[in-house]
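# Architecture at a glance
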Amino acid sequence: MGSILRFRKLCFLEPVKSSSRDEKTNSEEKKISESPKIDDQKTCQSATTLLLEEKAKQKKQKKSPREWRCIDSCCWTIGYLCTTWWLLLFLYQCLPANLPGLRAPEPPGARLRREGLTPLHPVILVPGIVTGGLELWEGRPCSDGLFRRRLWGGSFTEIFKRPMCWLEHLSLDNETGLDPPGIRVRAVPGLVAADYFAPGYFVWAILIENLARIGYEGKNMYMAAYDWRLSFQNTETRDQSLSRLKSKIELMYVTNGYKKVVVVPHSMGVIYFLHFMKWVESPPPMGGGGGPDWCSKHIKAIMNIGPAFLGVPKTVGNILSAESKDVAFIRAMAPGLLDSEILGLQTLEHVMRVSRTWDSIISLLPKGGETIWGNLDWSPEEDHVCASTKKKHLKGNNTDSRRVFQELESTNYGRIVSFGKKASELHSSELSTLNSQVSLSNGNSRVPNASCGKVWTEYDEVSWERISKIVENKAYTVETLLDLIRLIAPKMMKRAEAHFSHGIADNLDDPKYDHYKYWSNPLETKLPNAPDMEIYCHYGVGIPTERSYVYKLSPSGRCRSNIPLQIDSSAGGSQNGCLKGGVYFVDGDETVPVLSAGFMCAKGWRGKNRFNPSGIHTYVREYKHKAPANLLEGRGLESGGHVDILGNVALIEDVLRVAAGASGVEIGGDRIYSDIMKMSEKINIRV
Amino acid sequence: MTALRRRKGKKPQNSEPQSEENKEKKSNDTEECSNSENLNLNPSCSSSSSSSSRRRRTWSCVDSCCWFIGCICSLWWFLLFLYNAMPASFPQYVTEAITGPLPDPPGVKLAKEGLQAKHPVVFVPGIVTGGLELWEGHSCAEGLFRKRLWGGTFGELYKRPLCWVEHMSLDNETGLDPPGIKIRPVSGLVAADYFAPGYFVWAVLIANLARIGYEDKNMYMAAYDWRISFQNTEVRDQTLSRIKSNIELMVATSGGKKVVVVPHSMGVLYFLHFMKWVEAPAPMGGGGGPNWCAEHIKAVMNIGGPFLGVPKAVSGLFSAEAKDIAIARAVAPGVLDMDVFGFFQTLQHVMRMTRSWDSTMSMIPKGGDTIWGGLDWSPEEGHACSSKKKNIVQTSGHNKTGDLANSVRIKYGRLLSFGKDVTDLHSSEIEMVDFRGAIKGNNLANTTCRDVWTEYHDMGIGGVKAVADYKVYTANSVLDLLHFVAPKMMKRGGEHFSYGIADDLDDKKYDHYKYWSNPLETKLPNAPEMEIFSMYGVGIPTERAYVYKLSSAAECYIPFQIDTSAEGGEEGPCLKGGVYSVDGDETVPVLSAGYMCAKGWRGKTRFNPSGIRTFIKEYRHAPPATLLEGRGTQSGAHVDIMGNFALIEDIIRVAAGATGEEIGGDQVYSDILKWSDRIKLKL
């Protein structure tokens, strides 16, 4: 028995010393040990019975190898692994930073510094949804010991330790959209709020580092952290975040020698800052009372990154069924996983419950209705071809042939949600003509299902007849979709629609547009009167981005599928490859479609028009996505992904140049790879 | 093998005799086998003995190491797992089980009373406690971008000490960043909530304020770079403007409620400077107008404020040591000269670094002999150090030694004296050779001392001797001494700080910022509604005067050091290890912390023209009863007082709207009022 163990040890220990001898000794050993191996025990044990006074000694001899086998060899292995690990770690630490093979490319900040760039304009960073950290200031007893610890961002360890407690603290109040009583979760202030989302997963850190290389520091760089769960006006009501931002900008403007600030908002931060610009110029109490020239006096440029100006279709999936492409994909791969016990049977329901209390999500619903996002038979992106390799030669030569097959090829992106793959492809005349408005008005509320736990998702209050009618209606455009959501989640929409609006203004001078609910919608507000200001739209292109969904009813009315709808992940394979796993894709940065990110800069605000009365210059800067070449590059230096683009070298260079004083023309004006111009032309909107 | 078995420890009773047994075993084995041969068992026995002997050899070395490490690792992980799985309130249960129920933290208690957040709170951290992070550095500091160099774990101090010292030092000439290096204060509450992991500074106070409803929007940590002079924080970082803007914002967003400012240690002087700065006209000041303080500040609650300086600062600047270091040197003479910095010059490096920090000069004792005492007089004389005897000594201690009174009474006024014998002599008996005109001479050893810059290298033996010959220095002559030994540093500091007493406060020259942090050369703002609290611990011996000697060692050393052999013995328990101590909070003597509020500003005086009310709140030091209490809830020590429940309660009550009278007015344990009366200062 012991010989096996020893044999293994020999292999580990002396491979170098006696590799040649090894085999010899091994074979010898085998010869010696094999034969006695079995009767070894028997004999000795029988011997012990015979020779009582020798018993103790024998036992010692025999028992020790037996014990070695179990715990000890475990310990030995662990020790061995640990030692190796430490050794490697030590070697890694000792490694000179610039090993020839591993040398990182020079960061853009260092290069631009050599060119002589120095900080000129203070920089304001406005983080987007989800990326900002949230910390606990007051909580229920279950959150003991988490005071001023991050609940959101960081390592998320609390999810695993006490998931229900965590969910409870991150939820907001259903009625008010503010803190539930006894709980205070607040945004982490300062640059640390969103430099890293989780350890090692940068958000703003690379940009901050490069800004610092040309001389920026804490006094001329500010992270406008806010609680991204709240509606924008509520961040002011509860935390005075907007006042704080105003005061910070004014301070930086003064202390940096009356240099205007460059604002760099990302994702939802873009519409947050739109809201801010309207707020700051509006008279108190609703606004900040900065006067009509505040923006032109304090802001040099707004460099929107991955802007979600006109909303994000992903939100629809999130609100309807708490899922998006990734979740649907996971469900397809492992059907049981999401319903497993991580959060006590109802992962998605819990996610939905929590996220539905967050008003800010409603701000990301597609805006501009059918005019922008297309109707049942038309959409601005309809000619989009998804297989990106074909794109070039299709563009050039195949226009004739394509025109013939246009009926077949074009995707009805306008149908943002359709029930069944078929419904997404049929011509509108063939669709069932149920008027959504009518169908929505009737139906009894379903008996609240007491057995399903206390997860509040408002679906409990929707009757099955209603849901089946929803499904019968087959296809929804952006406008009817809003009605749909109002039906299935009336309370949420009532709460949120006091803060957000998703339409297009006919007459911008109507006094009703002075209300704050319109301030974050670029189609219902005018830009401030600041002719010297510049607005940039920086976004990635070349990644398939969710645009519309094929839905189905959840398989049953069982308790655990409390959410009656889900993405039909089996739907796939349209002619041009845009449909995958129940999701239609267009060009974009994986989250925001090109249309939403680029339209305002490409058309909505270009030149002097009613949305942009003072003729603020706009620039579209696209960054073609290039996946990282090797693992060493991490998340890529030329990525176009929604968050990863913050590490894109070209984008960083643009931001740095503008912060150092360059104008939009000097950094090269427009830079367009996608069809945004063509798409914008197709949109028939009065500007 | 034997060693291995022993470690296993499964059978401790067996492991002992094993080694002998093993020796015997070989002989026994053969016997056994011969025995067992009789029983037809021989093949097994022979093989087992041979294999076991071989096993002994192979297991002994690396494997047992691995096994050992493995055991420890597994145990560690297991404990870590247990620790993580442990409910957060577990330590509290244990504590309560041992020591009985703990009192509620003041925040909880006051929340139950119904107190709510009212006035925004501004914290002003002191020297050393604020974190500093790297924004730009030399190549040796690669990978430390936005990592803390000061505060936190100080990991870099051990990894690359010289690099660390280089980055922490400032420029000798300007007192600002050296070229290519940018160290900036950490901003936000994290700047000084914990100094190092587990070592709280402001965290306890913040947590308690949060209990009555405070949060980030109505609490603000006025973090500043504590290394540079106060005015330079504005010049370089616009820190003062930032504080002004934040206070204005908090007042505006909280519906016009004035702020309660809580400065600690050097932050007290910093905030004094701020109050003058904010009302002074631009460009030197903040241009807030003469009523800014009255409009924005409800109360200033100074914690452990060194209003009149700290004697510790003198020894720090003079020889880079304090009581602790002197003791360390006495206990282990070699340690400080060891290789921590790769050379033999730890103290020199510390001195070079600290001498480049202007802020240390803000804490040189102010007010000269008038405040700190002359050669034969000091306000604290008669202080008895062993606190038990205090009462007896005060009443009847001296009657039998009428003629010896002078020798028993410690002459605290002599801040530095060379040799213990001089400290007791009457001034007429001391031969003082003036050093001021002395030629410094050239130090021949310059080149051998590497590049450590301490200005002592510019001094020759003659200069050193001249300093020692002057024998005794009071607060006034200490300044001259520092000017003599460190002219460049004092010249730099002299542009930012002043240590005198103003004769005529209306003199135009006092509009200069260098006077703003000296309470004896400025008027308080015109804010009759404001309240100033002086809160500090008492009952801990605090450094007050030093006995020095020339260092015996070679030229590269700092030529002076505290004479740790000077002991007061039975008659003078105040002298220990070359340091005379008085009552205080371990860093700031009572006199410095309390005088302004006890007398200098009390009522309407020329320093306080608008009659701002002042309150003294003393907290008697009580060391933590058990280890479980950590640093104690009744501590009076300079930093630990931030966890003192009584102090926290006072702050919370004032923040929730109470006035000084409502929280009980003065609370005095020390002799501060008596001592203040002895100081002859025109008010």
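Reading the values: the criteria
Residues numbered from 1 in each chain as written. Chains lettered and ligands numbered in written order. Predicted model: local features only at pLDDT ≥ 70, side-chain atom pairs only at ≥ 80, totals over all residues. Heavy atoms only, no water. pLDDT = per-residue confidence, 0-100. Helix = DSSP H or I, 4+ residues; strand = E, 2+ residues; numbered from the N terminus. Contact = heavy atoms within 4.5 Å. Buried < 20%, exposed > 50% of the residue type's maximum accessible area, 1.4 Å probe, protein only. Pairing = 2+ DSSP bridges. Axes fitted to C-alpha atoms, helices over the stretch in contact; angles between N-to-C directions. Parallel < 35°, antiparallel > 145°, perpendicular 65-115°, else oblique. Left-handed = near helix turned anticlockwise from the far one by under 90°. Nonpolar A, V, L, I, M, F, W, Y, C, P; charged D, E, K, R; others polar. UniProt positions renumbered as here; feature names shortened; annotations may be inferred.

Below, the discussion takes up the confidence of the model for chain B. Atomic detail in the predicted coordinates should be set aside for any region of low pLDDT. All names here are of chain B. Counting all residues, the mean pLDDT for chain B is 79, and 78% of those residues have values of 70 or more. Taken element by element, chain B is modelled with least confidence in helix 18 (residues 390-396), mean pLDDT 41, and with most confidence in strand 8 (residues 259-263), mean pLDDT 96. Here residues 1-54 is modelled with pLDDT under 50, and outside its nearest four sequence neighbours on either side it reaches 61 contacts, counting other chains as well. A low-confidence stretch, residues 387-407 (pLDDT under 50), is modelled with 13 contacts involving residues beyond four sequence positions or located in other chains. The ipTM value of the predicted complex is 0.81, and its pTM value is 0.83.

Below, the discussion takes up the pairing of strand 8 of chain B. All names here are of chain B. By the criterion of burial, strand 8 is predominantly enclosed, with 5 of the 5 residues buried. Side chains of strand 8 alternate between two faces, with Val259, Val261 and Pro263 and Val260 and Val262 buried alike. The pairing of strand 1 (residues 121-124) with strand 8 spans 4 bridges and is classified as parallel. Each residue of the ladder has a partner; that of Phe123, found in strand 8, is Val262. Relative to strand 9 (residues 297-303), strand 8 runs parallel, the two sharing 3 bridges. Within strand 9, the residue paired with Val259 across the bridge is Ile297.

With that settled, the discussion passes to the packing of helix 9 (residues 203-211) of chain B against helix 25 (residues 645-655) of chain B. Residue and element names in this part refer to chain B. The contact between helix 9 and helix 25 brings their axes to 10 Å, and the two run at 45°. If you check the angle between helix 9 and helix 25, you find them oblique. Relative to helix 25, the crossing made by helix 9 is right-handed. Two secondary-structure elements touch here, helix 9 through Val204, Leu205, Asn208 and Leu209 and helix 25 through Ile648, Ile651, Ile652 and Ala655. Here the residues of the contact of helix 9 with helix 25 are counted per class, giving 7 nonpolar, 1 polar and no charged.

Let us look at the UniProt feature "transmembrane region" (unreviewed entry) in chain B. In the UniProt entry, the feature "transmembrane region" (unreviewed entry) is given for residues 64-83 of chain B. Span residues 64-83 of chain B is 100% helix and 0% strand, its end C-alpha atoms 28 Å apart.

Below, the discussion takes up the sheet that holds strand 2 (residues 134-138) of chain A. Residues and elements named next belong to chain A. Sheet architecture is open: 3 strands sit in the order 3-2-4, paired in antiparallel fashion. A single partner strand is all that each edge strand has here, and the edge strands are strand 3 (150-152) and strand 4 (184-187). Put simply, the sheet's adjacent strands are angled 45° from each other on average, direction ignored. The pairing of strand 2 with strand 3 spans 2 bridges and is classified as antiparallel. By the bridge assignment, Glu135 is partnered in strand 3 with Arg150.

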